[in-house]
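What the coordinates show
The lines below spell out each chain.
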Amino acid sequence: MDNKIKQLRKGVLELAIMNSLYKQSHYGYSLVKSLSVENGLSLTEGTIYPILNRLSKEGLVRSQWVESRQGPPRKYYSLTTEGKSAFDILIKEFNRLEIMVRGKEEPGAAAEEPSGPALVVRKEPNDEQ
Amino acid sequence: MNNDFSPAVGKIVEDYLRRLRGHLHGLPEKDQNELAREVYSHIYESFVREDGSRDEIDRILAVLGRLGEPETVVAESLGASMVKMGKRRKLPLYILGGLLIGLFGLPLGAGGAVVFLGMVLGLLTLVLIYYTTAAALTIGGALGVLVTFMKWISPNFAVHLGVQWGLAPDFESLPARLLLSFLMTGLGLALFWGGRYLMKGLKFIIGLVPRKIGSALNRRRMKKAGLTA
């Protein structure tokens, strides 16, 4: 079962990372924090690096070393234009998949649960930096 | 790069980064440095946000525990094929380690080191024998070709010199002797050529084992210090 959870997380984690970088640029550690604060899941922090590396290679993410006021320089990542349009497509697909997994919500059932689905990924295109 | 931590903490961080680099063989030096720098930065940022009232060793171990094993950080960055290659390259070492433990019932301690030394000496002797054979075949074959030729041209050649050469006494005809001599030379040269791989393999074994033992000891120390695998 652990393996199944791992597999599921891996795919979703990539999407969550893109979502975080959509809003603002992050260095590795702050990206981890933004992810754990938002979903409350415990995360083996090192797992973000292979994903960031792959996204960089695909041109969806760009990175830049920035001097820090305290301590060693930080490597900041942000989503490229291609990355943003890729995310827009992926998040639509993700929402469709979510409906597929949960089953089509009947109009009556939706009304009974006013809290709404728990897996909404927030997206704020405006840079908050 | 290490003035950011106290010596004790810096040592643990260094160990971790060395293990990380151990998983990056085959990647360009530049990429290795880039990832090591980035992970170092991560460790720093994470460490300075730890609760300062705790012991600094506990803090750094907690930081590294959350970061995960170096394998986690590098997984995929080499591509699946490279990872596979790395696994294959480790195989002879597992066999060697298994042999040592199987024979002596102890991990790679002093006894293991002595056995390893013995194996290296044995291998070196083998290499020496290998090259001696190659040289003997090449020189013997070449001389055979030369003498046969001379004898062909002047049947009295060998008699004049008093050379008694009977490489293959059954072969009475000169062309057969010539062919045999050519084959010998060819075999000798082929052995020399194949020796390159022999040397490569030897260098690989001699160089890799001590390094692997070092990294295994490191890992054990980290585990002992409370890091989960």
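Residues numbered from 1 in each chain as written. Chains lettered and ligands numbered in written order. Predicted model: local features only at pLDDT ≥ 70, side-chain atom pairs only at ≥ 80, totals over all residues. Heavy atoms only, no water.

1. Things to note about helix α4 (residues 81–102) of chain A
Residues and elements named next belong to chain A. Along its 22 residues, α4 runs 32 Å from first to last C-alpha, staying within 8% of the 32 Å computed at 1.5 Å per residue. Within α4, burial applies to G83, A86, F87, I91, F94 and E98. Down the axis of α4, the buried set is contained in an arc of 140 degrees. They therefore lie on one face. Exposed residues lying more than 90 degrees from the buried face of α4 are T81, I89, K92, R96 and M100. (Helix = DSSP H or I, 4+ residues; strand = E, 2+ residues; numbered from the N terminus. Expected span 1.5 Å × (residues − 1). Buried < 20%, exposed > 50% of the residue type's maximum accessible area, 1.4 Å probe, protein only. Arc of directions from axis to C-beta.)

2. Focus: the packing of helix α1 (residues 7–22) of chain B against helix α3 (residues 56–67) of chain B
Residues and elements named next belong to chain B. Packing of α1 against α3 leaves a shortest axis separation of 9 Å and a crossing angle of 20 degrees. Viewed along their axes, α1 and α3 adopt a mutual orientation that is roughly parallel. Where α1 crosses over α3, the two elements pack in a sense that is right-handed. Taking contact as the criterion, the partners of A8, V9, I12, V13 and Y16 in α1 are, on α3, E56, I57, I60, L61, L64 and L67. (Axes fitted to C-alpha atoms, helices over the stretch in contact; angles between N-to-C directions. Parallel < 35°, antiparallel > 145°, perpendicular 65-115°, else oblique. Left-handed = near helix turned anticlockwise from the far one by under 90°. Contact = heavy atoms within 4.5 Å.)

3. Structural notes on the pairing of strand β3 (residues 74–79) of chain A
All names here are of chain A. Within β3, 5 of the 6 residues are buried, which leaves it mostly tucked inside the rest of the structure. Where strand β1 (residues 26–27) meets β3, 2 bridges bridge the pair, whose relative direction is antiparallel. For Y27, the partnering residue across the bridge sits in β3 and is Y76. One ladder, built from 6 bridges, connects strand β2 (residues 61–66) with β3; its direction is antiparallel. Each residue of the ladder has a partner; that of R62, found in β3, is S78. (Pairing = 2+ DSSP bridges.)

4. Some remarks on the sheet that holds β1 of chain A
The strand order across the open sheet formed by 3 strands is β1-β3-β2 (chain A), and the pairing between neighbours is antiparallel. Among the strands making up the open sheet, the edge pair consists of β1 and β2 of chain A.

5. Digging into the confidence of the model for chain B
All names here are of chain B. On average, chain B scores 76 in pLDDT, and the residues at 70 or more come to 69%. Throughout residues 77–86 the model reports pLDDT below 50, and contacts reaching past four residues in sequence, or to other chains, amount to 9 contacts. Residue range residues 167–171 is modelled with pLDDT below 50. Its contacts to residues more than four positions away, or to other chains, number 6 contacts. Of the two predicted TM-score estimates for the complex, the pTM is 0.52 and the ipTM is 0.77. (pLDDT = per-residue confidence, 0-100.)

6. A word on the nonpolar core
Core analysis: the biggest nonpolar cluster contains 45 residues, and I17 of chain A together with Y16, V39, I43 and I60 of chain B have the highest contact counts within it. The contact partners of I43 of chain B, leaving out residues within four places of it in the chain, are F5, V13, Y16, I60, V63, L64 and L67 of chain B. (Core = buried A, V, L, I, M, F, W, Y, C linked by side-chain atoms within 4.5 Å.)

7. So, the pattern of salt bridges
By the definition in use, this model includes 13 salt bridges over all chains. For K75 of chain A, the salt bridge is made with E38 of chain B, and the minimal N-O distance between the two is 3.7 Å. Of this pair, K75 of chain A sits in strand β3 while E38 of chain B sits in helix α2 (residues 29–48), on two different chains. On the basis of relative accessible area, K75 of chain A is assigned to the buried category, the value being 9%. The exposure class of E38 of chain B is buried, given its relative accessible area of 5%. For the salt bridge of D15 of chain B with R18 of chain B, the shortest nitrogen-to-oxygen distance reads 3.2 Å. (Salt bridge = Lys/Arg side-chain N within 4 Å of Asp/Glu carboxyl O.)

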